Amino acid sequence: MGDTLEFNEIYQEVKGSWNDGRLRFSKQNVVYKSSKTGKVDSIPAGELNQAQWRRVCLGHGIKLGTSTGHVYKYDGFRDTDLEKISEFFKANYKVELTEKDMCVKGWNWGTAKFSGPLLSFDVNDNTAFEVPLANVSQCATGKNEVTLEFHQNDDTEVSLMEVRFYVPPSQADERQDPVEAFAQSVLSKADVIQATGDAVCIFKELQCLTPRGRYDIRIYPTFLHLHGKTFDYKIPYTTVLRLFLLPHKDQRQMFFVISLDPPIKQGQTRYHFLILLFSKEEDISLTLNMSEEDVERRFEGKLSKNMSGSLYEMVSRVMKALVNRKITVPGNFQGHSGAQCITCSYKASSGLLYPLERGFIYVHKPPVHLRFEEISCVNFARGTTTTRSFDFEIETKQGNQYTFSSIEREEYGKLFDFVNAKKLNIKNRGFKEGMKGKIDEYSDSDEDQHDAYLERMKAEGKIREEGNDSDESDGESDESFNPGEEDDDIAEEYDSNASASDSSDDGDDSDDDAKKKKPKKAKVVKEKKERKPRKEKKQKDTGGPKRPMSAYMLWLNSSRERIKSENPGISITEISKKAGEMWRQIGKEEKEEWEGKAGEAKRQYDKAKKEYNESGGGATSSSKKESKKSGGKKEEKKRKSAGGDKDRERGGGNDSFKSKEFIETSESSSDSDHKSKSKSKRKKKSEEEEEEAVSTPASSEEDSD
């Protein structure tokens, strides 16, 4: 038998709903921690005076009673757990675990017994059901009836609204009404808030963010009263889970956050957090409405009758003493700007995210508190709108996801180190290196060389694509690279009073469209003329010397295998990211060594290039290309002049002037287009056109000379 016994998935009933958690028995105490709220119940072993093992709806359960009058019930045990729990109690506690049977007869008459905070309804000395009096919100009496109303829980599908007890008249003691005695026993332990007596202290006109407005806060011994112009709220101290004191990013204001369970309600709205905003410069002198002896006896030195200081310090100090809970403040986290929080957005509202020692809290709209133990994993995602920010995603074990967006990229390193130190599961573990490279790109000049290489590779890819497109294009694109010759052709046609070609026979909208598109095409071609030298250089790579590598590429080729061996299973893209990170961290002397190698390779390349050009290697390919162009142009001129003479012979004296756009359109039309548009003429005069095509080119060349 070990020193402790631990059980998972143990349930505790809270106002009609079952909350799971973990239960641990140790020699010193019994500890139960709720998975939903994180609230911890610690029962010292010396205070245990009752332990019962019972058969309940969720298997088996344990009922523990203490000498202070508190009762704790935990369900979800198995039948086989009885033996080891019983042995543990015998060995470590002064109380033995006894078995208690429940009454399942279904009778509705019996005996009502008040034992501490429980109302037990027994039938034949066996408990039929128990009512926690802390769940009672109201108690009303009738002639022979007592009606109990209960607090409602939003987490339950079905809630118990009220229970009525019939109390028969008693003839034994006529001086006391049994109905009133029953009601007084209920109200003595019920959670009924009655603002009787004077408040301990009052804070006037405090700014409240949730619920929004200015409220007077009256501090009573057992509850907190918020009094505003529109609404009033009464908050029992038993519903307070945690207290937070958070500094604003501007270092001039403070947030005081009160976590509530169950939340306060206003209509259909639920407020799980009460958020107060204070100015650091606002001071107050506070006097408690109690005698010094009562203050000393009640608060044991935590408070004094007369206090003065900052307003937020006084409120937090009084709340800590009355609620008897610790105040959580930010830990050692410090952001890029020196603040203990991060500016971000959640659900389209801007706010502040505070990394705490055991969780995250976001204020203020809507407030969110996430404990580390309920977080399944976190994720760093790139911003959807800009590269200057990123998103921080948190996924809980219940499947809920919280996305905090628009976080400045400078906060990434601090937040990643914090999450890593807390040993949270990071979904994209390899993201840190890539993100840091992206961030340093704006400030580190060493990254420029690597980027230049990437840009050069992209440019070469575009050149290859353009080269493939040019191989498939017709002779028209070659002609357009020499616009000077186009002017000569236009002059010839103008001097000879060129007649309308067959393409002008159809004067429909297609001619107008062609006229409009032609100048645009010429503009695009002229822009491509600047990239023509790069196309010629690409053609020389087959026979010419190879371009030298940069210092970074030489280092990468020598270090690639080492990076693979140090990071097994790394992908190609991750190798580049890792190499970029390592290259930035290399010392100046080692970089100068690789830059020297790159300079030597550049000198050898220049020498080889010069020898290659002197040997005539560079001029061969260009001369072939030019001869191919000139040959294609002569054929094109002959075709154009032949078409013009044919039109003059057939069309007669059409001396109308043609604009430049129209002439270019008619010149660009091929013989096949001409024949397709004049099918009827081609069928009748096919033989004549063949004869003219043979005889006309010679005369047209003489005229052009």
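So, a few notes on the structure that sits alongside this text.

Locating T127 in the fold gives a position in strand 11 (residues 126–132). For T127, the side chain forms a polar contact with the side chain of D122, separated by 3.2 Å. Here T127 is in contact with D101, M102, C103, S120, F121 and D122, once residues within four sequence places are set aside.

Here we take up the nonpolar core. Ranked by internal contacts, the top residues of the largest apolar core, which has 41 residues, are F203, I219 and L224. In this structure, I375, F390, F392 and L415 belong to the second largest nonpolar core, which totals 26 residues.

Now for the packing of aromatic side chains. Evaluated as defined, the whole model comprises 32 aromatic pairs. Seen in terms of ring centroids, F333 and F418 are 5.5 Å apart; in terms of plane orientation they differ by 75°. Their pairing is edge-to-face. On the criterion of sequence distance, the pair formed by F333 in the loop between strand 24 (327–328) and strand 25 (342–346) and F418 in helix 5 (residues 412–421) is long-range, its members being 85 residues apart. For F333, a relative accessible area of 6% gives the class buried. With relative accessibility at 10%, the residue F418 sits in the buried group. Ring pairing ties together the aromatic residues F333, F360, F372, F380, F390, F392, Y412, F416 and F418, which thus form one cluster. A cation over an aromatic ring shows up here: K105 above the ring of W107, its NZ or CZ 4.5 Å from the ring centre. The cationic tip of K597 hangs over the ring face of W594; the distance from NZ or CZ to the ring centre is 4.1 Å.

What follows concerns a positive patch on the surface. Where like charges cluster on the molecular surface, the positive patch consists of K302, K320, K326 and R358. Position of K302 among the secondary structure elements: in the loop between helix 3 (292–299) and strand 23 (306–310). Classification of K302 as partly exposed rests on a relative accessible area of 42%.

Okay, the packing of helix 12 (residues 551–566) against helix 14 (residues 588–614) next. Remark: helix 12 packs on helix 14, axes separated minimally by 8 Å, with the N-to-C direction vectors making an angle of 105°. Classified by the angle between their axes, helix 12 and helix 14 sit roughly perpendicular to one another. On the side of helix 12, the interface is formed by A551, L554, W555 and S558, while helix 14 contributes E590, W594, E595, K597 and A598.

Residue P211 is bonded to the preceding T210 through a cis peptide linkage, with omega at -5°. Looking at the secondary structure, you find P211 in the loop between strand 15 (201–210) and strand 16 (213–219). With an omega of 5°, the peptide bond running from D261 to P262 counts as cis. Relative to the helices and strands, P262 resides in strand 20 (residues 253–266).

Following both chains from N to C, one finds helix 12 and helix 13 (residues 572–585) inclined at 115°, their axes separated by 10 Å at the closest point. At the point where helix 12 passes helix 13, the crossing takes the right-handed sense. Contacts between helix 12 and helix 13 involve A551, Y552, W555, L556, R562, I563 and K564 on the former and, on the latter, I575, S576, K578, A579, G580, M582 and W583. Along the lines of polarity and charge, the residues of the contact of helix 12 with helix 13 split into nine nonpolar, two polar and three charged.

Taken together, three strands build an open sheet; the order of strands is 9-10-11 and the sheet is antiparallel. Each of the sheet's edge strands pairs with one partner strand only, and the pair in question is strand 9 (111–115) and strand 11. Each strand axis lies, on average, 25° off the axis of its neighbour in the sheet, ignoring direction. In this structure, strand 10 (residues 118–123) lies alongside strand 11, joined through six bridges in antiparallel fashion.

Attention now goes to the state of the cysteines. By the definition in use, this model includes zero disulfides. Its sulfur unpaired, C344 is 9.1 Å from the next cysteine sulfur, which belongs to C341. By relative accessible area, C344 is classed as buried at 1%.

Rules and cut-offs
- Residues numbered from 1 in each chain as written.
- Predicted model: local features only at pLDDT ≥ 70, side-chain atom pairs only at ≥ 80, totals over all residues.
- Heavy atoms only, no water.
- Helix = DSSP H or I, 4+ residues; strand = E, 2+ residues; numbered from the N terminus.
- Polar contact = N/O pair within 3.5 Å; in protein donor to acceptor, adjacent residues only side chain to side chain.
- Contact = heavy atoms within 4.5 Å.
- Core = buried A, V, L, I, M, F, W, Y, C linked by side-chain atoms within 4.5 Å.
- Buried < 20%, exposed > 50% of the residue type's maximum accessible area, 1.4 Å probe, protein only.
- Phe/Tyr/Trp six-rings, centres within 6.5 Å; stacked < 30°, edge-to-face > 60°.
- Lys NZ or Arg CZ within 6 Å of the ring centre and 35° of its normal.
- Patch = residues over 30% accessible without salt bridge, like charges linked within 9 Å, V, L, I, M, F, W, Y side chains within 5 Å.
- Areas by Shrake-Rupley, 256 points an atom, 1.4 Å probe, with all protein chains shown as cover.
- Salt bridge = Lys/Arg side-chain N within 4 Å of Asp/Glu carboxyl O.
- Lys, Arg positive; Asp, Glu negative; His and termini not counted.
- Charge placed at Lys NZ, Arg CZ, Asp CG, Glu CD.
- Axes fitted to C-alpha atoms, helices over the stretch in contact; angles between N-to-C directions.
- Parallel < 35°, antiparallel > 145°, perpendicular 65-115°, else oblique.
- Left-handed = near helix turned anticlockwise from the far one by under 90°.
- Nonpolar A, V, L, I, M, F, W, Y, C, P; charged D, E, K, R; others polar.
- Pairing = 2+ DSSP bridges.
- Disulfide = S-S within 2.5 Å.

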